[in-house]
Amino acid sequence: MEKIAIIGAGVSGLSVAHFLKDKYEVIVFEKEDRPGGLIKCVRVCGNLFHTCGGHIFNSKRKDVLEWFWTKFSRENEFTKAERNSVVFTDDGKKIPYPIENHMYLFEEDVQKQFIADLVDMAKKEEVEPANFEEFLRNRFGETLYKIYFQPYNEKVWRRDLKNVPMSWLEGKLPMPTVAEMIFNNINHVKEKEFVHATFWYEKMNGSQYIADRLAEELNIQYDSEVASIKKSGDKWIVCDQEFDKVVFCGNIKEMIKIIKGVDIDEYFDKVCALEYHGTTSVFCEIDSNPYSWIYQPDRCHESHRIICTGNFADSNNKDLPEGRITATIEFTDAISKEDIIDNLTRVPLRPKYLDHKYNKYTYPIQDANTRDMIKKLKRLLASDNFYFTGRFADWEYYNMDVAIGAAMDLCKNI
Ligand SMILES: Cc1cc2nc3c(=O)[nH]c(=O)nc-3n(C[C@H](O)[C@H](O)[C@H](O)COP(=O)(O)OP(=O)(O)OC[C@H]3O[C@@H](n4cnc5c(N)ncnc54)[C@H](O)[C@@H]3O)c2cc1C
């Protein structure tokens, strides 16, 4: 049997290992002491802390769902929930998500401005937006841009929205037409079309449960940071062991530096220049509420989103005072503990700090050339039996299910 090395035991590496384990002798190398990557969770005083985000699961892909549910009991190990997201505006309103479907909840003058925007937009010919700011203004109108899309997205992106490229958007954001927005407001249409409008969540241990289960049947070497992947003849050397093939599921910026023995020099600068954001996830106790996600455009603090993970499973909360649940409050990039505590005094629902974790790589940023460049590098390396897939290997805004789907597609050709 041929030997294959998989680098990284996040969702991508774990999936690849499952798809290939009957065909190859598989060894997974993971630098941390347990599986999960971005979906890792820890317990803080018995409460479950998603150290990045607040991962929930669903998929549009039938083949991904079918495979996933061969590994888990949907009925016994997961609960199904409906997304109940809301925007907290700076004047204290709670507007259901997506905000553009619920303009009837604003005061009369805001409604009138929004209607004037819609009339204006309907008269204009559709033009290809050059950047994110143009896209938001053209698509939703000036009033909604100013109330929500601008302040919220400036917090998320931490840059002028003119400097946010359009390429990452594909398939990520709703693209309602003027007619759809009018229809949705008249009929009070709730968010239904998103992949995660309904979702599955683990009864115990959050997304760590997925990682732990997927890791069970695999040969994983933990605490093994791969610092060199060297081509030697027709073999690859990884951690002093010889392999026929390699699948890299870590970060392409690291990958480009540690591969030796193949000529990929022309890609070095392009990969090193790839941009990204990190996230500081702050674990808190907050007031009980019925929401799953709370979006926060309010400029009086720097956090953009609260994920009410305490509402996803009872087992996520332990020994909290009556009327309190756990949640993750997100800040883009690194923020000091002192600044976190200061910001929390202005975040709604009376958050009390419990813990925090900064993840350096959370959101890949693409430009117009990124996909093409990565596709070419993939093709080049595949001819040497070296493959890569994953959120930061492909530099794609993958959710877990999309990462599994990408792994599935790749493995059909290995
Ligand atoms: C804030 C946030 C919220 C999200 N929420 C959701 C959600 O609700 N639902 C959803 O489906 N998806 C969500 N996602 C997306 C999801 O996190 C990713 O799709 C998924 O975790 C990507 O897995 P991965 O294996 O590709 O990468 P990673 O999770 O980054 O895994 C890479 C692994 O490789 C290891 N590694 C790297 N380099 C080396 C090396 N040299 N040697 C050994 N090991 C190495 C790392 O330690 C890590 O374990 C969210 C993402 C973010 C950032």
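Since the model is a prediction, treat every value here as computed from it, not as a measurement. The numbers attached to residues start from 1 for each chain and follow its sequence in the written order. Owing to the predicted nature of the model, reporting of local features is limited to residues with pLDDT of at least 70; listing and counting of side-chain atom pairs is limited to 80 or more, with chain, interface and lining totals taken over all residues.

Undergrad: Would you take a moment to explain the site of the ligand for this structure?
TA: Here is the check we use: build the C-beta atom from the backbone, and if it is within 6 Å of the molecule or strand, call the residue near. In the region of the ligand, 35 residues are neighbours, and Gly8, Gly10, Gly37, Gly53 and Gly250 sit closest. Lys, Arg, Asp and Glu make up the charged group, whereas Ala, Val, Leu, Ile, Met, Phe, Trp, Tyr, Cys and Pro make up the nonpolar group; the residues left over, Gly among them, are polar. Residues that form the shell around the ligand fall into these classes: 15 nonpolar, 13 polar and seven charged.

Undergrad: Teacher, can you tell me more about the domain arrangement of the chain here?
TA: Interface size is often expressed as the accessible area that is lost when the parts come together. Residue ranges assigned to the domains are those given by an automatic or database domain assignment. Per the domain assignment, the segments making up the chain are domain 1 (3-38 + 205-275 + 366-411) and domain 2 (98-190). Put simply, the middle of domain 1 and the middle of domain 2, counted by C-alpha atoms, are 38 Å apart.

Undergrad: Help me out: how do you make sense of the packing of helix 4 (residues 108-123) against helix 6 (residues 178-186) in this one?
TA: When two helices pack together, their arrangement is given by the angle between their axes and by how far apart the axes lie. Here helix 4 crosses helix 6 at 150°, and the two axes come no closer than 10 Å. Judged by the inter-axis angle, helix 4 sits roughly antiparallel to helix 6. Between helix 4, through Leu118, Met121 and Ala122, and helix 6, the contact on the second element is made entirely by Val178, Met181 and Ile182. Residues of the contact of helix 4 with helix 6, tallied by class, amount to six nonpolar, no polar and no charged. Axis lines are fitted to C-alpha atoms, over the contacting stretch for helices. Their N-to-C directions set the angle, which ranges from 0 to 180 degrees. In DSSP terms, a helix is any run of H or I states spanning at least four residues, a strand is any run of E spanning at least two, and both are numbered starting from the N terminus. What sets the label is the angle itself: under 35 degrees gives roughly parallel, over 145 gives roughly antiparallel, 65 to 115 gives roughly perpendicular, and the rest give oblique. Note on contacts: each residue gets a C-beta atom placed from the backbone, and two residues are in contact if those atoms are within 7 Å.

Undergrad: What should I look at first to understand the sheet that holds strand 15 (residues 275-287) in this one?
TA: Note: strands within a sheet are paired through backbone hydrogen bonds, in either parallel or antiparallel orientation. If you trace the seven strands from one edge of the open sheet to the other, you get 7-6-16-17-18-15-19, paired in mixed fashion. For this open sheet the edge positions go to strand 7 (94-96) and strand 19 (352-365), each flanked by a neighbour on one side alone. Each adjacent strand pair in this sheet contributes to an overall mean axis angle of 25°, direction not counted. Any two strands between which DSSP finds at least two bridges are classified as paired. For strand 6 (residues 86-88) and strand 16 (residues 293-295), the ladder comprises two bridges, and the chain directions are parallel. Note on strand 16: the bridge partner recorded for Val86 is Ile294. Packed on one face of the sheet, helix 10 (residues 337-344) meets strand 15 and strand 19 and runs near 110° to strand 19.

Undergrad: What should I look at first to understand the pairing of strand 11 (residues 235-238) in this one?
TA: Consecutive side chains of a regular strand alternate in pointing toward one face of the sheet and then the other. Buried, partly exposed and exposed are defined by the number of other C-beta atoms within 10 Å of a residue's own C-beta, namely 20 or more, between the two limits, and 12 or fewer respectively, with C-beta atoms placed from the backbone. Going residue by residue along strand 11, you find Trp236 and Val238 tucked away on one face and Lys235 and Ile237 left uncovered on the opposite face. As defined by bridge partners, strand 10 (residues 229-232) adjoins strand 11 across four bridges and the pair is classed as antiparallel. Each residue of the ladder has a partner; that of Ser232, found in strand 11, is Lys235. Connecting strand 10 to the next strand, strand 11, in antiparallel fashion are two residues, including Gly233 with a positive phi near 65°. Judged from the three bridges that link them, strand 11 and strand 12 (residues 241-243) form a sheet pairing that is antiparallel. Each bridged residue has a counterpart across the sheet, and for Ile237 the counterpart in strand 12 is Glu242. As consecutive antiparallel partners, strand 11 and strand 12 are separated by two residues, and within that stretch Cys239 has a phi angle of approximately 50°, a positive value.

Undergrad: Please explain the pairing of strand 8 (residues 198-202) as it appears in this structure.
TA: Counting buried residues along strand 8, four of its five residues qualify, which places the element largely inside the surrounding structure. Both strand 5 (residues 78-82) and strand 8 contribute to a ladder of five bridges, which runs antiparallel. What sits directly across from Phe78, in strand 8, is Glu202.

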